[in-house]
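# Structural description and commentary
The lines below spell out each chain.
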Amino acid sequence: MKTFPTSAAWCFGILFISVSLITTESSEVVGSADPVVALAGDDVILPCSLKPSVGAEDMTVEWTGLYLKTRNVHLYRQGRDSNVEQFPSYRGRTSMFHEELKNGNVSLKLTRVTLSDAGSYMCFIPTLTGQVKETTVQLFVGAISQPVISIDGTKGWGVALKCESGGWFPEPEMEWLDSSGTILPADGPEKHRDEDLYTVRRHVSVNKTDTNRFTCRVQQQEINHLKETEIHVPDDLFPKSYIVLIVGLSIAVAVAVLASLAGVYMWRKCTKGEFNLDL
Ligand SMILES: *[C@@H]1O[C@H](CO)[C@@H](O)[C@H](O)[C@H]1NC(C)=O
């Protein structure tokens, strides 16, 4: 009669151990299906965690960069960070959230991201007994800058404007807009690439409007960023309008005609001898 409770205890014990083993074994490494998007200079977190959550304090976590040759980005082993073989460009820029390890959160923090950090990163837990021991996270790095507008003189009856923006990655789109948001027909764009960054330039010729306000918009959809600069062109920069010129010309012609008529009249009078001039 005494054996029953003992065997029951054994049964429960074994059951408990199996359940915990199954839980540990079925924990998988989970990253992020969406790429992590950052701007050069930002700090980013590359997500990686164990699901269902188990403590990862005693596990080995390897973060590597998948380039032509795999780069050691960060290594956590035997309860501490161990970065003797770290790829040089990551030195001093990587860390893991040690207080989060107990929750199975083995995400990597990478500070001061550069364009050359972009790519695939693998989060690998070799000590995990389950099927899925690794995941890859994409890091996408962009660069943006404020467009600069300058006035380039006049063109016909309008004012020529130039917009330029350097320091973009990837290649951006540039548009000129009037104050109601309508895209204006503009030249170009001219684009060139220096090192990794793109410079874009676009010229537009604008006519006088109610507001004389014009906007240059530069955007990069892949990194979901947009920069705008607005300019107000003073009224007196626009060449005098056509009507004013026609009226001016007509007056000049009229004056000239009147003057010559007067000259002819005087000449006639002189030759008829109505004036007795003592020469
Ligand atoms: C992991 O920890 C970091 C820092 O606290 C946090 O930002 C991140 O959201 C955590 N990730 C998960 C999956 O909980």
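Residues numbered from 1 in each chain as written. Predicted model: local features only at pLDDT ≥ 70, side-chain atom pairs only at ≥ 80, totals over all residues. Heavy atoms only, no water.

If you check the shell around the ligand, you find Ile45, Ser49, Phe97, Glu100, Asn105 and Ser107 and nothing else. Residue Glu100 places a side-chain N or O atom 3.5 Å away from an oxygen atom belonging to the ligand. Within the side chain of Asn105, one N or O atom sits 2.4 Å away from an oxygen atom of the ligand. Split into classes, the residues belonging to the shell around the ligand amount to 2 nonpolar, 3 polar and 1 charged. (Near = heavy atom within 4 Å. Polar contact = N/O pair within 3.5 Å; in protein donor to acceptor, adjacent residues only side chain to side chain. Nonpolar A, V, L, I, M, F, W, Y, C, P; charged D, E, K, R; others polar.)

As a further point, take the sheet that holds strand β17 (residues 213-220). On the basis of which strands lie adjacent, the open sheet formed by 3 strands has the order β14-β17-β18 and antiparallel pairing. Across the chains shown, the open sheet's two edge strands, defined by having one partner strand only, are β14 (173-178) and β18 (225-232). Here the average twist between neighbouring strands, direction ignored, is 20°. For β17 and β18, the ladder comprises 8 bridges, and the chain directions are antiparallel. For Thr215, the partnering residue across the bridge sits in β18 and is Glu230. (Pairing = 2+ DSSP bridges. Helix = DSSP H or I, 4+ residues; strand = E, 2+ residues; numbered from the N terminus. Axes fitted to C-alpha atoms, helices over the stretch in contact; angles between N-to-C directions.)

The next thing to look at is the sheet that holds strand β5 (residues 61-65). The strands that make up a sheet pair up through hydrogen bonds in the backbone, lying either parallel or antiparallel. Sheet architecture is open: 6 strands sit in the order β2-β11-β10-β5-β6-β7, paired in mixed fashion. Looking at strand neighbours, the two that pair on one side only are β2 (36-39) and β7 (80-81), the edges of this open sheet. With 6 bridges connecting them, strand β10 (residues 119-124) and strand β11 (residues 134-142) associate as antiparallel partners. Bridging across to β11, Gly119 finds its partner in Leu139.

What follows concerns the side chain of Thr60. Among the secondary structure elements, Thr60 is positioned in the loop between β4 (49-51) and β5. For Thr60, a relative accessible area of 13% corresponds to the buried category. (Buried < 20%, exposed > 50% of the residue type's maximum accessible area, 1.4 Å probe, protein only.)

Once that is clear, we can look at the environment of Ala143. Residue placement: Ala143 occurs in the loop between β11 and β12 (148-155). The class of Ala143 is buried, set by a relative accessible area of 10%. Here the alpha-carbon distance between Ala143 and Pro170, two residues 27 residues apart in the chain, equals 7.3 Å.

Our focus in this paragraph is the nonpolar core. Leu46, Trp63 and Val106 are the most contacted members of the largest nonpolar core, which has 28 residues in total. Taken together, the elements giving at least two residues each to this core come down to β2, β3 (44-46), β5, β6 (71-77), β9 (108-110), β10 and β11. It is β11 that contributes the most residues to this core, 3 residues altogether. If we ignore the near neighbours within four places in the chain, the residues touching Val106 are Cys48, Ser49, Ala56, Val61, Trp63, Met96, Leu101, Cys123 and Ile125. Judged by nonpolar contacts, the second largest core, of 19 residues, contains Val159, Leu161, Trp168 and Ala186. (Core = buried A, V, L, I, M, F, W, Y, C linked by side-chain atoms within 4.5 Å. Contact = heavy atoms within 4.5 Å.)

Under the criterion given, the structure shown has 2 disulfides. Shown here is the disulfide that connects Cys48 with Cys123, its sulfur atoms set 2.0 Å apart. On the S-S bond that ties Cys48 to Cys123, the torsion sits near -75°, and the link is left-handed. In this pair, Cys48 is assigned in the loop between β3 and β4 and Cys123 in strand β10, connecting sequence segments 75 residues apart. Taken as a pair, Cys48 and Cys123 share a single burial class, namely buried. (Disulfide = S-S within 2.5 Å.)

The full count for this structure, using the stated rule, is 3 aromatic pairs. Residues Tyr90 and Tyr121 carry aromatic rings whose centres are separated by 6.2 Å and whose planes lie at 90° to one another, so their mutual orientation is edge-to-face. Of this pair, Tyr90 sits in the loop between β7 and β8 (94-96) while Tyr121 sits in strand β10, and the two are 31 residues apart along the sequence. In this structure, Tyr90 and Tyr121 share a single accessibility class: buried. An aromatic cluster is present here, built from Phe87, Tyr90 and Tyr121 joined pairwise through their rings. Arg71 extends its terminal NZ or CZ atom over the ring of Tyr67, reaching a point 3.8 Å from the ring centre. (Phe/Tyr/Trp six-rings, centres within 6.5 Å; stacked < 30°, edge-to-face > 60°. Lys NZ or Arg CZ within 6 Å of the ring centre and 35° of its normal.)

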